[in-house]
Structures are given as structure tokens and as C-alpha cells.
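So the chains spell out like this:
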Amino acid sequence: MDTSSLRSLITGLKNGTFSSTELTTHYLKRIHEASSLNAFITIDESAALLAAAAADKAIKNGSAKTLTGIPIAHKDIFCTNTMPTTCGSKMLADFYAPYEATIVSHLNNEGTVLLGKTNMDEFAMGSSNEHSHFGAVKNPWDRSRVPGGSSGGSAAAVAANLVAFATGSDTGGSVRQPAAFCNLSGLKPTYGLLSRFGMVAYASSLDQAGILAHSADCLALVLNSIAGFDEKDSTSVNKPIPNYETTLTDSIKGLRIGLPPCFFQKEVDENIQKATHDAATFFKEAGATIVELDLKRHALWAPCYYVIACAEASSNLSRYDGIRFGYRSKNAKTLTELITRSRSEGFGMEVKRRILTGTYVLSSGYFDDYYIKAQKVRRLIQNELEQALSTVDVILGPTTPTCAFKIGSTITCPTQRYLADIFTVGANLAGLPALSIPAGLKDGNLPIGIQLMGAHFSEARLLNIANIYQQATQWHQLSPENHRGAS
Amino acid sequence: MSFQTVIGLEVHAQLKTQSKLFSGTATTYGAKPNSQTSFIDAGLPGVLPVLNEAAVKMAIQFGLAIKARIHDQSIFERKNYFYPDLPKGYQISQFQHPIVSDGQLKIDLGDGQLKTVDILRAHLEEDAGKSLHDISNTHTGIDLNRAGTPLLEIVTTPCLHSSKEVVCYLKSLHQLLLFLNLCDGNMQEGSFRCDVNVSLRPIGQQTLGTRTELKNLNSFKFIEKALAYEVQRHTNLLLDGQPIHQETRLYCPVKNCTEVLRRKENENDYRYFPDPDLLPIAIDQDMVLLLKKTMPALPADIRSSLEKDHLSTEDIDYLLTSPAVIQYFNDVKTHSHAEPKMIVNWLKGVYQAALHEQQLSFEQPPIAATKLATLLNKLQDNVISNHLAKRIFAHLLSKDEDIDFLIKTYGVEPLNDGKDLDAIIKKIIETYKSQADDYRSGKDKLLAFFVGQVMKEMKGKVDPAAVSERLRLMLREL
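Small disclaimer: the values here were computed from a predicted structure and weren't measured. (Residues numbered from 1 in each chain as written. Chains lettered and ligands numbered in written order. Predicted model: local features only at pLDDT ≥ 70, side-chain atom pairs only at ≥ 80, totals over all residues.)

Colleague: I'd like a description of the overall build of chain B, backed by residues and values.
Modeller: Within chain B, the regular secondary structure consists of 15 helices and 16 strands. Computed over its C-alpha atoms, the radius of gyration of chain B comes to 30 Å, more than 25% above the 23 Å expected for a compact globule of 478 residues. Projected onto the principal axes, the alpha-carbon positions of chain B cover approximately 95 × 55 × 55 Å. Pairs at least 24 residues apart make up 69% of the contacts formed inside chain B by residues separated by at least 6 positions. (Helix = DSSP H or I, 4+ residues; strand = E, 2+ residues; numbered from the N terminus. Rg over C-alpha atoms; globule rule 2.2 N^0.38 Å. Contact = placed C-beta atoms within 7 Å.)

See below:
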């Protein structure tokens with residue numbers, strides 16, 4: 001059974017080399033064997049096997065679509081009406097949504113087989129997946145290390161070959177950073193390309209669904225089936241969607257790649273710096289021009305992001321009051337106690353920290369100095385990035401300043417941890433598409449990711465560039481298993 | 001020392017949209033608790049609001065009616081506070097950038113006194129749900145049917161100075177909303193709610209005094225009473241040299257007083273910020289122009305056109321009590337050549353009494369306007385007497401039948417367009433020639449004699465008023 005790429009799975013199913021039921025059984029077995037990774041919060045075997053049987057029928061009678069029969073997982077931030085949607089929180093540990101996210105519907109209609117819901121940092125707040133009510137997720141490349149976050153469960157599951165691909169959500173880097181830590185290709189599309197309906201909100205103006213997969217090729221196939229306008233999301237954009245597959249192999253000759261020197265400061269792991277420069281050299285040899293970019297506002301990205309993200313989160317998470325759904329404290333005597341205790345007992349530390357920060361920056365007396373200022377800075381950052389992207393086709397840089405760190409190593413210093421996002425939050429603040437692709441290994445086993453960021457709705461170009469890189473390099477094909485086997 | 005009362009009003013008008021402001025749920029009043037509550041209304045995780053265009057159009061129409069600025073960009077913001085019947089923990093409202101601002105409403109205070117009330121702003125927002133405290137001794141119920149219902153909050157400047165002005169403004173505003181078909185205006189059901197901000201200042205002083213806000217006022221009568229109480233309370237405190245606290249007070253109709261609900265220092269910091277789930281509302285001028293063209297007639301315009309019909313202020317006020325009344329009046333007028341005054345009298349008198357008895361309104365008129373028009377035409381033409389017209393009206397209330405048929409049924413041979421009556425009158429005048437001459441020379445009282453003779457001849461089956469009118473004419477002519 002060739003499970004090395006999504007395309008080999010599609011071909012295998014189409015040619016009858018194996019059935020979706022066999023494939024599903026195979027992955028379910030792997031999930032059980034890898035349970036110590038803690039990648040999943042919910043696994044629904046019987047539903048998966050039913051879906052696989054239906055997929056096999058569709059394949060037989062010729063009604064199958066591209067992804068029919070492919071076993072996948074959703075980050076547990078996407079509402080599903082067949083299993084719980086916990087968002088990694090005690091608050092929603094028993095929450096069954098009576099509706100499903102638009103992304104989930106798209107993939108159901110495509111005939112994919114949902115194996116389960118993946119672990120995540122609580123309410124997508126975190127970049128290590130240590131902040132989950134359901135426990136930390138381990139990085140399949142080194143189980144003493146984090147897989148990144150907040151889509152850490154999805155990243156671990158795809159990296160360990162427990163599913164073909166998985167959905168994630170990216171508010172400040174939550175798809176790209178775990179992709180970098182787990183040697184995956186991770187895409188955060190343009191704000192508005194994918195519907196946010198049914199994706200539990202963290203920071204609405206920054207949240208965007210994304211995909212974690214083994215290659216740009218796979219990202220393109222999946223994006224084809226989930227992109228598009230949704231009338232249930234007022235911020236989704238109504239415009240024609242290209243076929244992302246058809247431009248994957250376009251030439252990149254004459255491509256202009258921006259490389260900001262500010263992305264190469266001493267705090268950035270030198271292995272990562274080298275891998276990024278190596279990638280730049282590759283593109284140059286493939287016919288691209290490398291242009292030095294001066295991004296003066298880069299130092300403002302992370303502070304700006306944390307003010308806005310926390311402000312929106314503090315409001316988005318107000319609905320968790322223990323009254324209509326979710327965790328309700330049993331120790332409350334009055335209404336005020338009911339709300340405060342439910343929230344105190346139902347939320348984890350990182351969520352509380354961000355709610356308090358957000359409440360503070362929106363409070364009268366602080367609003368102008370923090371929230372309004374951050375909005376102005378956000379506009380400056382947007383303008384600078386848009387301006388830069390009018391002179392170059394893409395901006396290249398590292399995805400993260402470090403490789404996957406040890407579990408527990410940064411838990412005591414949240415602001416240090418927030419710096420893990422210094423390269424990724426810019427795309428969210430400006431609503432730009434960005435992807436992370438594998439570009440090397442540090443010390444022989446720690447994946448390195450590089451990031452490509454493009455103009456609004458330039459996903460086709462980004463996937464094309466990434467695919468050209470992956471056609472010529474093997475980094476993305478390395479898996480924790482075959483790599484260990486090789487070394 | 002004497003004081004000037006300064007009052008500003010905030011009216012919350014529920015817009016008559018089919019569905020809620022941000023979801024497709026129906027907004028009918030009085031449905032079973034939570035039966036009109038979608039996942040969006042209940043604020044479940046991951047769901048998103050989608051703006052109801054109809055509410056935006058209504059806000060624009062209101063803005064046009066009060067000659068206000070209609071902003072091509074306005075923004076929804078979140079007003080954050082915890083309350084059990086506020087499902088999301090925030091209310092979607094407009095704060096810094098309302099859809100409508102700087103409007104005016106002219107009100108008539110009576111006795112020829114007119115006043116222009118400045119309307120600072122009107123903005124769109126969603127209503128909260130309701131906490132039901134009386135369904136259980138141990139629990140509070142939450143009904144989210146109202147959650148998400150569109151409201152237009154209409155805020156005046158502090159430009160009103162008496163409860164008379166307040167009530168007059170509120171009645172004019174209420175009437176305007178009704179005529180624009182934006183709000184059903186039902187105060188008991190909370191479709192039209194008013195918060196009153198009141199302060200006092202020594203006459204001549206520019207700066208405003210400390211204000212208190214009065215809530216829970218669901219009738220014009222309560223508003224008057226609450227204001228009277230509150231103004232007296234302020235006066236007493238000021239004369240005593242005591243401070244007035246900025247606070248929100250509830251009116252208690254049972255005790256007829258106001259009581260503190262919360263002090264300013266205990267008010268929420270609402271942490272308003274633009275709702276990232278919603279785009280700014282962009283209004284293009286074409287839509288505004290289109291809405292302008294399709295605006296229903298405003299009460300003020302209707303009034304001036306009715307004045308041309310020589311109707312009294314009282315009659316006009318009656319016709320403007322609701323859009324349905326004036327609509328019915330106009331429908332009758334279109335199909336009838338009866339005097340407008342006659343039509344109004346019938347609507348105010350006989351018709352209104354019938355509606356009252358059957359607990360109906362002109363929105364469900366038991367007798368069609370065209371039918372009434374036919375009846376009033378017969379009356380206008382003296383084909384039937386007023387007495388008979390009322391009997392036929394009563395019949396029509398219970399059963400719709402042809403009027404000519406009814407005239408026959410009720411035993412009165414039609415007066416053949418008055419020709420039979422004329423023949424009889426002619427005969428009588430010829431019979432009593434000298435009395436006729438006396439009448440013509442000034443003995444007006446003799447008219448009654450002639451009426452009596454004609455009535456006798458007609459066996460009473462005719463309206464004496466019609467007879468006397470016709471007699472007057474014919475005595476002069478013959």
C-alpha cells in the first residue's frame with residue numbers, strides 16, 4: 001500500500017489497488033499504535049468505516065470525486081455534528097455542535113473519510129500544543145519535543161502518517177509553525193478565501209482555516225475542494241476560485257522573491273537561517289531574482305498581533321458563561337458566581353491570560369493607547385507588506401526562529417513563547433496567504449520550515465513555487481519513520 | 001430659585017422585519033420560549049452573524065423621513081457585558097459610526113406652538129433575550145426569542161423641557177414609525193420603548209445639571225408620571241443643597257415613584273470595539289434614491305393635504321391615528337363622491353363603534369371601503385335616509401350583500417333618485433299654497449309643517465333631514 005503521497009492514495013483507490021475501507025483500517029491501526037503522541041481528542045472508528053464503505057461504493061459506481069475515500073482529520077476547532085467539538089478546552093469538553101463547519105461540509109461532500117478530531121492548544125491559543133485540556137501532543141520527530149501549535153494534533157497526525165492530511169486553523173501561525181516543526185507543508189490562505197462558519201472563533205479578524213499536508217501538491221488538491229464564498233460568513237470573499245492544480249508546474253523563471261534581512265537576526269537559529277538562504281539560492285538557480293526587502297515594521301508584528309488577537313478573543317470568549325452550553329460550575333450560589341466560577345474552572349491558564357490582556361486593552365482609559373494604536377500599526381504593517389508585494393511576487397523567510405522546543409521548556413515565560421510567532425503573524429495581520437514548507441533538518445532530526453508569503457489571493461502562485469521547490473528537493477518526503485530508518 | 005428641566009430621549013423601536021438582524025429566524029411576538037431561536041441567536045461557538053438588508057433599508061427610510069445624514073459607511077461594534085439573556089456576552093450595536101445622524105422632527109405642541117426636536121443619531125442594534133423570573137421559584141428562565149431582533153435606537157439631543165414636549169415628540173415619532181411601516185408601535189409588547197434622561201439647571205445657566213436616566217416606561221402615561229416624580233425629586237434635592245447622583249432609575253407604576261437601579265460607578269465598562277465578524281455597512285446613493293422614491297406618505301404631508309379638504313384638526317388627528325385609518329379613508333374617498341366630512345363622520349362614529357364592539361381595527365375592516373363608498377353615495381344623493389343607511393351598515397357588518405338589494409329589503413322603495421320625493425313635495429306645496437307663500441316671506445318655522453306633511457305622505461319611510469333639505473330648495477324654486 002503506497003501511502004507516500006495524497007496522489008498515490010488517490011491513484012490506489014481509483015485503480016482498486018486498495019479500497020477506502022482497507023485504507024481507513026490501515027490508518028486507524030496506525031492511530032492506535034501512535035496513541036502516545038496524543039494527537040487525537042476524538043476518534044470515531046465506526047463512523048469512519050461507514051464513510052469508507054460509502055466511499056468504496058461511490059468509487060465503484062463512478063460517482064467518486066477527487067478526494068473520495070481519503071482518510072482525514074479535523075482540528076477540534078471545526079464544528080462537526082457527529083462528534084464533539086472541544087476546542088481543546090474543559091469548557092467545551094462535552095459540546096456537540098448541532099451544525100457543522102462549512103469546511104467540514106465541503107470535505108464531507110467530497111467524500112473524505114473523517115477518522116477523528118485532533119488535539120490543539122485550548123481555543124487555538126498557543127504555539128506548542130501544551131495548553132490543551134486533553135494534554136500535550138508529542139512531536140513524532142522527537143517525542144520529548146512539542147509539535148508546535150495551536151494545530152499541533154493535526155501536524156503530529158499528518159507527520160506520523162495517521163491521516164492523509166488534516167485541517168488546521170491559523171490566527172498567528174497556528175498552521176505554519178506546527179508544519180515547520182513537523183516537516184509538513186502548511187497553508188494559511190488569504191483571509192476570506194475559506195469560510196470561517198463553524199470554526200470556533202479565537203480572533204475573528206485574523207482567524208483563517210488552513211491545511212496541513214505532506215506537499216504543496218496535496219495542499220492544492222485539498223484547497224480546490226474547500227475554497228470559496230460562503231454566504232454564512234460575511235467576511236468570506238465572493239470571487240472566482242482558480243484550479244490550483246493546473247498551475248503547480250508553471251515556470252518560476254523571472255519570479256521576484258523578496259528576502260528581508262530583518263528575518264535573519266541573531267535570535268534566529270543559524271541552521272534555519274542557512275536553510276532559508278539555501279532555498280533562496282535554489283530559487284535563484286531556478287531563474288528567480290532575489291530582492292532585498294526592507295520591512296521596517298517587522299518588529300511591530302508580534303506586539304500588534306497580541307493586542308488585537310487578545311482584544312477580539314476577550315469578546316469572542318464571552319459566550320462561554322456556563323448558561324446555555326458548555327461547562328457549568330457546580331459550586332455557584334448566585335448568578336455572578338455561576339458565570340465567574342464556570343469561566344474560572346472551565347478555562348485554562350493561557351486562555352485566561354489572553355482574555356485578561358484583551359479585556360485590559362479594550363478598557364476605557366487604555367483603549368486608545370493599546371487597541372486603537374494597534375489598529376493603526378496594523379494598517380501600517382498591511383500597507384508595508386502590500387507595498388512590498390507590489391515590487392516582488394513573494395516574500396521568503398524562515399517560518400520560525402527555532403526548531404521544535406522541548407515540552408515544558410517555555411511554559412514559565414509566555415512572552416518568550418510569543419516570539420515563536422514573529423515571522424508568521426504578519427500574514428494574519430495583513431490577511432495575506434502564506435505557506436510553510438520543509439527545507440532541511442537541524443541535527444539530523446529537527447525539521448526546518450521556510451515561509452512564502454504572497455499578495456492577496458496568490459495561493460496558486462505560492463503553491464506553484466512550493467511545488468517547484470519540492471519537485472527538486474526531498475525534504476518534504478522525509479518522515480520520522482523513513483528518516484530514522486535511513487540514518 | 002427656579003429651574004429649567006432638560007430632557008433627552010432614547011427610543012428603542014423594534015423594526016418590523018421578517019427575520020432577525022443577523023439571522024434568518026422569525027421575529028413574531030409571543031411565540032413559545034426559545035422556539036424562535038437559531039444557533040446564531042443563541043450564540044453557539046463558531047456561528048457567525050449575517051446582516052439583514054431589510055433592517056438597513058428601514059434605518060435609511062427613517063433617516064430620510066427626519067431629513068438626517070445617512071452615512072455611506074457605518075460600523076457595527078460590540079458592546080461587551082455579561083448577562084444571562086445576552087447570549088454572546090456582547091450586544092452588536094453601533095457606537096462611534098451610526099448609520100443615521102443629525103435629523104429633525106417637527107412637532108406640534110397645540111395652540112399653534114411648533115417645535116423642532118433635534119435627533120442626534122439613530123443606529124441599528126440587536127435586542128437581548130428575556131429573563132423569565134416568574135416561571136419557577138428556584139430558577140430563572142431564559143427566552144431567547146427576542147434575542148437578535150432588530151432595533152433602531154433613536155437618540156435626541158437634550159432639547160426637551162417638559163413632559164408635554166416629551167409626550168408630544170414621542171407621539172409624533174410613534175406616528176412616523178407607524179406610517180413608515182417600520183415598527184408596529186406596540187408599547188405593551190415592547191416594540192416601542194423609551195429611556196428618559198433628565199436633569200435640572202437654574203434658569204439662565206448654560207451647563208447641564210447631573211442627569212438621571214429613567215427606564216421601564218412602557219406607556220405615555222407612565223412617562224408623564226415618572227417625569228413629574230423625577231423632576232420634583234431633583235427640585236427637592238437641589239433646593240436642599242443635596243447632590244444628585246448620576247444613576248439609572250426604574251419607574252415603579254404601583255408606587256408611582258422612581259427607584260435606583262444602578263449608580264454610574266457600578267456601570268459596566270462596555271469595551272466597545274468594531275465587530276470583526278461584520279464588514280462596515282456601505283450604502284450607495286442609488287439605494288438611498290430608490291428608497292426615497294418608494295417612501296410612503298409622511299404624516300405631515302398627509303396632514304397638509306387633508307387640510308385642503310377642509311377637515312378640522314380633530315378630524316385629521318383621527319384619520320392619522322394609524323396608517324390603516326387614512327388608507328381606508330382614502331379608499332372610500334376614491335370610490336365615493338360623498339363629502340370628505342361625511343366620510344370622516346361615518347368612520348369616527350358608526351364605523352369606529354362597530355370596530356370597537358367587534359375588537360377589530362381598520363387593518364381588518366369588516367366592510368370593504370368600496371361598499372361603504374356605495375352606501376355613502378346613496379346617502380349623499382338623498383336616495384336613502386341616514387337612518388336607513390345605518391340599518392344597512394349594521395346589516396353589512398353581519399352579512400355582505402348588494403346595497404340596492406338591501407334598500408329594497410328594508411322596505412323603503414328607493415326614492416328613484418329623489419324624483420318620487422320631488423313629486424310628493426310638489427303636490428304638498430301646491431296643496432298648501434298660502435303656507436308656502438308665508439314661508440317664502442320669512443316664516444321659517446313653517447318648514448317643519450311641510451316636513452310633517454311630506455313624512456305623513458311618505459309613511460315615514462324617508463329621512464326627515466333629507467326631506468327638509470329638499471323642501472327648502474323646492475319651496476324657493478316653485
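Colleague: Describe the overall build of chain A, naming the residues involved and giving the relevant values.
Modeller: Each helix and strand counted, chain A has 16 helices and eleven strands in total. For 487 residues, the compact-globule formula gives about 23 Å, and the C-alpha radius of gyration of chain A, at 21 Å, lands near that figure. With the C-alpha coordinates aligned to their principal axes, the bounding extent of chain A is approximately 65 × 55 × 45 Å. Split into buried and exposed, the 487 residues of chain A put 60% on the buried side. Within chain A, contacts between residues separated by at least 24 positions form 76% of all contacts whose residues are at least 6 apart in sequence. (Buried ≥ 20, exposed ≤ 12 C-beta atoms within 10 Å, placed from the backbone.)

Colleague: Let's hear about the interface of chain A and chain B: which residues, and what values?
Modeller: The partner chain B presents 26 residues to the 35 residues of chain A that form the contact. Sorting the residues of the side of chain A that touches chain B by element identifies α9 (301-316), α10 (335-346) and α11 (349-362) of chain A as the ones contributing at least two each. Split into classes, the residues belonging to the side of chain A that touches chain B amount to 17 nonpolar, ten polar and eight charged. (Nonpolar A, V, L, I, M, F, W, Y, C, P; charged D, E, K, R; others polar.)

Colleague: Can you break down the pairing of strand β7 (residues 256-259) of chain A residue by residue, with the values?
Modeller: All names here are of chain A. Pairing of β7 with strand β8 (residues 289-292) involves four bridges; the strand directions are parallel. Paired with L259 across the bridge in β8 is E292. Taken together, the two bridges between β7 and strand β9 (residues 394-398) define a ladder with parallel strand orientation. Each bridged residue has a counterpart across the sheet, and for I257 the counterpart in β9 is V394. (Pairing = 2+ DSSP bridges.)

Colleague: Before we move on, can you summarise the domain arrangement of chain B with the specific residues and values?
Modeller: Here chain B is described as being made up of domain 1 (3-288), domain 2 (297-409) and domain 3 (417-477). The gap between the C-alpha centroids of domain 1 of chain B and domain 2 of chain B is 37 Å. (Domains from an automatic or database assignment.)

Colleague: Would you mind going over the sheet that holds strand β1 (residues 3-14) of chain B in detail, with residue names and values included?
Modeller: Strand-to-strand pairing in sheets goes through backbone hydrogen bonds, with the strands running parallel or antiparallel. All names here are of chain B. One open sheet accounts for nine strands, arranged β2-β6-β7-β10-β1-β11-β12-β13-β14; its pairing is mixed. Here the strands that pair on one side only, and so sit at the sheet edges, are β2 (69-70) and β14 (257-263). As paired elements, strand β7 (residues 113-126) and strand β10 (residues 150-156) share seven bridges and run antiparallel to each other. Looking across to β10, one finds that R121 is bridged to V155. Here helix α2 (residues 163-179) sits on the sheet in contact with β1, β6 (100-110), β7, β10 and β11 (192-202), set at roughly 115° to β6. (Axes fitted to C-alpha atoms, helices over the stretch in contact; angles between N-to-C directions.)

Colleague: Could you give me a rundown of the confidence of the model for chain B, with the residues and numbers involved?
Modeller: Across chain B, the average pLDDT comes to 92, with 97% of residues at 70 or higher. Across the assembled chains, the prediction reports ipTM 0.96 with pTM 0.90. (pLDDT = per-residue confidence, 0-100.)

Colleague: Kindly report on the environment of G258(A), identifying the contributing residues and their values.
Modeller: Residues and elements named next belong to chain A. Checked against the element boundaries, G258 lands in strand β7. Here the alpha-carbon distance between G258 and I290, two residues 32 residues apart in the chain, equals 6.0 Å. Not counting residues up to four positions away in its chain, the partners in contact with G258 are V291, L293, A388, V392, V394, I395 and L396.

Colleague: Could you give me a rundown of the nonpolar core, with the residues and numbers involved?
Modeller: Core analysis: the largest hydrophobic core is formed by 223 residues, its most contacted members being I72(A), V163(A), F165(A), L219(A), A59(B) and V196(B). No other element matches α9(A), which puts eleven residues into this core. With near-sequence residues (within four places) excluded, L219(A) lies in contact with S185(A), L187(A), I211(A), A213(A), L435(A) and L463(A). Residues L306(B), W346(B), Y351(B) and A389(B) belong to the second largest nonpolar core, which totals 25 residues. (Core = buried A, V, L, I, M, F, W, Y, C linked by C-beta atoms within 7 Å.)

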